Amino acid sequence: QVQLVESGGGLVQPGGSLRLSCAASGSTFSFYRMGWYRQAPGKQRELVAAITSDGSTDYADSVKGRFTISRDNAKNTMYLQMNSLKPEDTAVYYCNGDLRGVLRFGWGQGTQVTVSS
């Protein structure tokens, strides 16, 4: 089995940057389409960015041009580079993966991102 652990969140001013990491404990990371999700207070969890095993990416309209998702299959690690952060980006960020459209992991603790002046 593979367990995912998110890290890298914190408090940042509007316009600032953060880099989130998602580390997998197992050796099967490369088989999954990976994604970053976020959940703001009082809101549903939403998919922010996704990356396939071969590197194809997709982003929510709200973060296009500001966020970049990447992965290092050899290190079983995925990243989310977040630039030009806005207060509305404030949320708990989670990672997960799917294979053939089916979510494969349980939700972890996530990492808190707070954008505030």
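Here we summarise the structure given alongside this text. What you see is a predicted model; the values in this text were computed from it and never measured. (Residues numbered from 1 in each chain as written. Predicted model: local features only at pLDDT ≥ 70, side-chain atom pairs only at ≥ 80, totals over all residues. Heavy atoms only, no water.)

What follows deals with the packing of aromatic side chains. Given two aromatic rings, their pairing is described by the distance between the two centres and the angle made by the two planes. Summed over all chains, the structure comprises three aromatic pairs. Ring centres of Tyr32 and Phe105 lie 5.1 Å apart, and the angle between their planes is 65°; on these two criteria the pair is classed as edge-to-face. Of the two residues, Tyr32 is situated in the loop between strand E3 (18-24) and strand E4 (33-39) and Phe105 in the loop between strand E10 (102-103) and strand E11 (111-115); the sequence distance between them amounts to 73 residues. The exposure class of Phe105 is buried, given its relative accessible area of 12%. Three or more aromatic residues joined by ring pairs make a cluster, and in this case those are Tyr37, Tyr94 and Trp107. Sitting over the ring of Tyr79, Arg19 keeps its end group 4.0 Å from the ring centre. (Phe/Tyr/Trp six-rings, centres within 6.5 Å; stacked < 30°, edge-to-face > 60°. Helix = DSSP H or I, 4+ residues; strand = E, 2+ residues; numbered from the N terminus. Buried < 20%, exposed > 50% of the residue type's maximum accessible area, 1.4 Å probe, protein only. Lys NZ or Arg CZ within 6 Å of the ring centre and 35° of its normal.)

Glancing now at the pattern of salt bridges. Close approach of charged atoms lets side chains of opposite charge pair. Tallied over the full model, the rule gives five salt bridges. Between Asp98 and Arg33 there is a salt bridge; the shortest N-O distance is 3.1 Å. In this pair, Asp98 is assigned in strand E9 (residues 91-99) and Arg33 in strand E4, connecting sequence segments 65 residues apart. For Asp61, the salt bridge identified is with Lys64, shortest N-O distance 3.3 Å. For Asp61, a relative accessible area of 63% gives the class exposed. Several salt bridges converge on common partners, so that one network encompasses Arg38, Glu46, Arg66 and Asp89. (Salt bridge = Lys/Arg side-chain N within 4 Å of Asp/Glu carboxyl O.)

Below, the discussion takes up the nonpolar core. Residues Trp36, Met78, Leu80, Met82 and Tyr93 are the most contacted members of the largest nonpolar core, which totals 28 residues. Contributions of two or more residues to this core are made by E3, E4, strand E5 (46-51), strand E7 (67-72), strand E8 (77-82), E9 and E11. If you tally residues by element for this core, the top one is E3, at four residues. For Leu80, the contacting residues outside a window of four places in its chain are Leu18, Arg19, Leu20, Trp36, Ala49, Phe67, Thr68, Ile69 and Tyr93. (Core = buried A, V, L, I, M, F, W, Y, C linked by side-chain atoms within 4.5 Å. Contact = heavy atoms within 4.5 Å.)

Ordered in space as E1-E3-E8-E7, the four strands form an open sheet in which the pairing is antiparallel. At either end of the open sheet lies a strand with only one pairing partner, and these are strand E1 (4-7) and E7. Strand-to-strand, the axes of this sheet are offset by a mean angle of 15°, without reference to chain direction. Pairing of E3 with E8, which is carried by six bridges, proceeds in the antiparallel orientation. The residue of E8 that forms the bridge with Arg19 is Gln81. (Pairing = 2+ DSSP bridges. Axes fitted to C-alpha atoms, helices over the stretch in contact; angles between N-to-C directions.)

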